[in-house]
Amino acid sequence: MIPVPRIQAQAIKNHSANFGLFFNKYTEIDDNKLDVPVDAQKQWVSRYDAFTRSDGVKWLRHHLDTRHLAQSAFCRMWEKKGWRTITLQARLTSPMILGLGETHPSETGMLFDRNLGIPYIPASSIKGVVRFAHTLGLLKGEDGVWLEMDALQDRFDFDKDDKDVLVENDKTFIPQIFGQAEKDKARRGALIVLDAYPLDIPRLKVDIMNPHYPDYYKGERGPTEDQNPIPLKFLVVDQGAEFVFRALVKPNDNSAPDADDLAGKCRKAYLQALTVEGLGAKTALGYGRFATPVEGEPARMLELFKQIEAEKEKACLAEEQRREQERLEQMSPDERLMVKIKGLRSDEGMS
């Protein structure tokens, strides 16, 4: 049973839609069990490959490049106005789980871009981990070793009632970077995080988790060894995929060095978040880890920018020639002859 209108069904059958639409709207349900088939995840991976690797969807890579170019142009625009930019290209060293808790008939969802139908990392998720990484970094010295409580109390303020709770004031740079939501001290943070997209179309694979105490998790009895494990399969982004992370840091109104300082702290937190903390779900088990990122725009994006600039320059030249031709056509023969003579004189002068 697949309750989808005929036109949408035909588009999905011909792989002219995106996989995100198929995954969220076209999941087959077993009429008897009212559940997804046992091998559904394997079929989804095959479908994803068909949607993203076939010749009929070359538009996908084009639109993915367009998304990167739009983000890069956005960062360049604000950089000209004094904002600091952070651009990191990082490769997954372990599988990454995105949107596992998303609503889905299989109860193990996945997050796909609405228009492209491929996995991406939303800005809200990135910013949360970056903030966490920055906060942990406050508790460590330059050598990465955890500081003693006496040293922390000399640097930062702690709650009067609970001395183990760090006060997020200007000493921590948390309000300046990430903002502050308190009514009497509400302020906007300097860091603006953009969604992270893969540099190329990533591959998916099926992973598995095996809860050993299903009755215990249901609240029926304790975690005894006589319970039958129920394997749960889910989709992950395969390791090796490269993602591009972009962010902006607003300059301080008083002096530029403050903006550079904040950008440096943000960049340090980004590196910690990607390589140590991880992104997505189940990071404590090693998922969502990245290799040390490479700073700057990917080479392919820079090449595309060159091509775009060359095409713009060519189009401007053609437009100038068209306008000049129209102007000449409106002249008399004598006026056109005078323009031609002036052009010859200009050429002689240049030589």
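Here we summarise the structure given alongside this text. All values reported here derive from a predicted model rather than from experimental measurement.

Calculation criteria
- Residues numbered from 1 in each chain as written.
- Predicted model: local features only at pLDDT ≥ 70, side-chain atom pairs only at ≥ 80, totals over all residues.
- Heavy atoms only, no water.
- Patch = residues over 30% accessible without salt bridge, like charges linked within 9 Å, V, L, I, M, F, W, Y side chains within 5 Å.
- Areas by Shrake-Rupley, 256 points an atom, 1.4 Å probe, with all protein chains shown as cover.
- Salt bridge = Lys/Arg side-chain N within 4 Å of Asp/Glu carboxyl O.
- Helix = DSSP H or I, 4+ residues; strand = E, 2+ residues; numbered from the N terminus.
- Buried < 20%, exposed > 50% of the residue type's maximum accessible area, 1.4 Å probe, protein only.
- Core = buried A, V, L, I, M, F, W, Y, C linked by side-chain atoms within 4.5 Å.
- Contact = heavy atoms within 4.5 Å.
- Expected span 1.5 Å × (residues − 1).
- Phe/Tyr/Trp six-rings, centres within 6.5 Å; stacked < 30°, edge-to-face > 60°.
- Lys NZ or Arg CZ within 6 Å of the ring centre and 35° of its normal.

This brings us to a nonpolar patch on the surface. There is a patch of nonpolar side chains on the surface, built from L337, M338 and I341 and spanning about 260 Å² of accessible area. Along the chain, M338 falls in helix α11 (residues 333-350). Residue M338 is classed as partly exposed on the basis of its relative accessible area, which comes to 46%.

Within the largest apolar cluster, 63 residues are counted, with the highest numbers of intra-cluster contacts made by I121, F245 and F290. If you tally residues by element for this core, the top one is helix α9 (residues 256-277), at seven residues. Setting aside its immediate chain neighbours within four residues, F245 contacts I86, T87, L88, A90, I121, I126, A196, Y270, L274, L279 and F290.

It is worth spelling out helix α5 (residues 123-138) at this point. Helix length check: α5, at 16 residues, gives a terminal C-alpha distance of 23 Å against a target of 22 Å (1.5 Å per residue), a fit within 8%. If you check which residues of α5 are buried, you get A123, I126, V129, V130, A133, H134, L136 and L138.

Looking now at the packing of aromatic side chains. Under the defined criterion, the tally for this structure stands at 13 aromatic pairs. A network of ring pairs unites the aromatic residues F19, F22, F23, W44, Y48, F51 and F112 as a single cluster. Positioned over the ring face of W78 is K81, at 4.7 Å from the centre of the ring. In this arrangement the basic side chain of K140 is found over the ring face of W146, its NZ or CZ atom lying 4.7 Å from the centre.

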